[in-house]
Amino acid sequence: MSKFHAAYYHPKFLALESGAVALYFYGLSYVADKETDGFISKQQVPVLGMMFGVSSVKSIRLASILVERNLWELLNYGYQIHDYLDYNKSALQLKTLRAKTAKRVSLFRNTELMNFIKNRDRDLCQYCGVSVVWGTHGQNGGTFDHLDPNGLNTANNLVVACRACNSSKNDGCSVSSRVTREMISDLYLKIKDSVL
Ligand SMILES: [Zn+2]
């Protein structure tokens, strides 16, 4: 239970003393900031309590109320916000997303590389052969696909793909989708010597 918008009427919060509510929300803010996957160490609890003016003894008592209410779970070295990862991205997911965004941004700053790939692939989707239209969001909109999603922005890892093929690949269902593993490995071979 860590969806802010549902908190005001959620039964777990009903008649909960204000200190416990404060600790819960300070805790949520802390785990989001530090990306701890919802974990709060025992040492951190008094630090959070201090932020809204309660003593360490009181903050530990408030923590036990949150455990009783099933809002926090008691672990060996601290507390876990109940169901945190059901509603929030994990630290690893956030890291992956940030890396993906950084990679996309750096590709779109590299006009030379983008033009090289567009010319090499003659603006054709390398999976289905459709002529892509750059700057549109339709099925045949032009995108750059990383053969190895975790690989770098290099000419031998990037191909032109239509949006339909690119998104079917990102679904991860490469067996049934329009982009098969065989197509990807054929493309690896085709462009392996492609350097800028
Ligand atoms: Zn395609």
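Residues numbered from 1 in each chain as written. Predicted model: local features only at pLDDT ≥ 70, side-chain atom pairs only at ≥ 80, totals over all residues.

Colleague: What exactly am I supposed to notice about the overall build of the protein chain here?
Modeller: Within the protein chain one finds nine helices and five strands. Its C-alpha atoms give the protein chain a radius of gyration of 24 Å, more than 25% over the compact-globule value 16 Å for 196 residues. Seen along its three principal axes, the alpha-carbon backbone of the protein chain occupies a region of about 70 × 30 × 30 Å. Of all 196 residues assigned to the protein chain, the portion counted as buried reaches 23%. Across the protein chain, every contact between residues at least 6 apart in sequence was considered, and the portion connecting residues at least 24 apart equals 58%. (Helix = DSSP H or I, 4+ residues; strand = E, 2+ residues; numbered from the N terminus. Rg over C-alpha atoms; globule rule 2.2 N^0.38 Å. Buried ≥ 20, exposed ≤ 12 C-beta atoms within 10 Å, placed from the backbone. Contact = placed C-beta atoms within 7 Å.)

Colleague: I tried to follow helix α4 (residues 56-68) on my own but got confused; where do I start?
Modeller: Note that an α-helix has 3.6 residues per turn; residues three or four places apart therefore point the same way. Under the 1.5 Å per step criterion, the end-to-end length of α4 is 19 Å for 13 residues, consistent within 8% with the ideal 18 Å. Taken together, the buried positions of α4 are occupied by Ser 59, Leu 62, Ala 63 and Leu 66. Buried positions in α4, seen along its axis, are confined to an arc of 105° and lie on one side of it. When the buried face of α4 is taken as reference, the exposed residues oriented beyond 90 degrees from it are Val 57 and Glu 68. Elements in contact with the buried residues of α4: α2 (18-34), α3 (44-51), β2 (72-74) and β3 (78-81). (Expected span 1.5 Å × (residues − 1). Arc of directions from axis to C-beta.)

Colleague: Help me out: how do you make sense of the domain arrangement of the protein chain in this one?
Modeller: Many analyses report the size of an interface as the accessible area lost when the parts associate. Per the domain assignment, the segments of the protein chain are domain 1 (4-87) and domain 2 (102-191). Domain 1 and domain 2 are separated by 44 Å when their C-alpha centres are compared. (Domains from an automatic or database assignment.)

Colleague: What should I look at first to understand the packing of α3 against α4 in this one?
Modeller: Relative to each other, α3 and α4 sit at 110°, their axes nearing to 8 Å. One finds that α3 runs roughly perpendicular with respect to α4. Taken together, the residues of α4 that come into contact with α3 (itself represented by Val 45, Pro 46, Leu 48 and Gly 49) are Ser 56, Lys 58, Ser 59, Ile 60, Leu 62 and Ala 63. Tallied by class, the residues present in the contact of α3 with α4 amount to six nonpolar, three polar and one charged. (Axes fitted to C-alpha atoms, helices over the stretch in contact; angles between N-to-C directions. Parallel < 35°, antiparallel > 145°, perpendicular 65-115°, else oblique. Nonpolar A, V, L, I, M, F, W, Y, C, P; charged D, E, K, R; others polar.)

Colleague: What am I meant to see in the nonpolar core here?
Modeller: Among soluble globular proteins, nonpolar side chains are generally buried collectively. Counting residues in hydrophobic clusters, the biggest one holds 16 residues, and the most contacted among them are Ala 20, Leu 23, Tyr 24, Leu 62, Ala 63, Leu 66 and Trp 72. When residues of this core are traced back to their parent elements, those giving at least two are α2, α3, α4 and β3. No other element matches the five residues that α2 contributes to this core. (Core = buried A, V, L, I, M, F, W, Y, C linked by C-beta atoms within 7 Å.)

Colleague: Honestly, the sheet that holds strand β1 (residues 39-41) in this entry has me stumped. Any pointers?
Modeller: By definition, the strands of a sheet pair up through backbone hydrogen bonds, in either a parallel or an antiparallel sense. Reading across the sheet, the three strands line up as β1-β3-β2 and stay open at both edges, with antiparallel pairing between neighbours. Both edges of this open sheet fall to β1 and β2, since each of them pairs with a single strand only. Strand-to-strand twist in this sheet, taken as the mean axis angle between neighbours without regard to direction, amounts to 25°. Across three bridges, β1 lies against β3 in antiparallel orientation. Note that in β3 the partner of Phe 39 across the bridge is Gln 80. Running over the sheet, α2 touches β1 and β3 and is turned about 105° from β1. (Pairing = 2+ DSSP bridges.)

Colleague: So what exactly am I meant to see when it comes to the environment of Gly 19 here?
Modeller: With respect to the helices and strands, the residue Gly 19 is situated in helix α2. Sequence separation between Gly 19 and Asn 156 is 137 residues, and the spatial gap between their C-alpha atoms is 57 Å. Each residue touching Gly 19, except ones within four places of it in the same chain, is listed here: Val 54, Lys 58 and Leu 62.

Colleague: Looking at this structure, how should I read the packing of α2 against α4?
Modeller: Packed helix pairs are specified by the crossing angle of their axes together with the interaxial distance, meaning the distance between the axes. Axis separation between α2 and α4 bottoms out at 9 Å; the angle between their running directions is 85°. Taken together, α2 and α4 sit at an angle that is classed as roughly perpendicular. Residues Gly 19, Ala 20, Leu 23 and Tyr 24 of α2 form the contact with α4, whose own contacting residues are Lys 58, Ser 59, Leu 62, Ala 63, Ile 65 and Leu 66. Within the contact of α2 with α4, the residues separate by chemical class into seven nonpolar, two polar and one charged.

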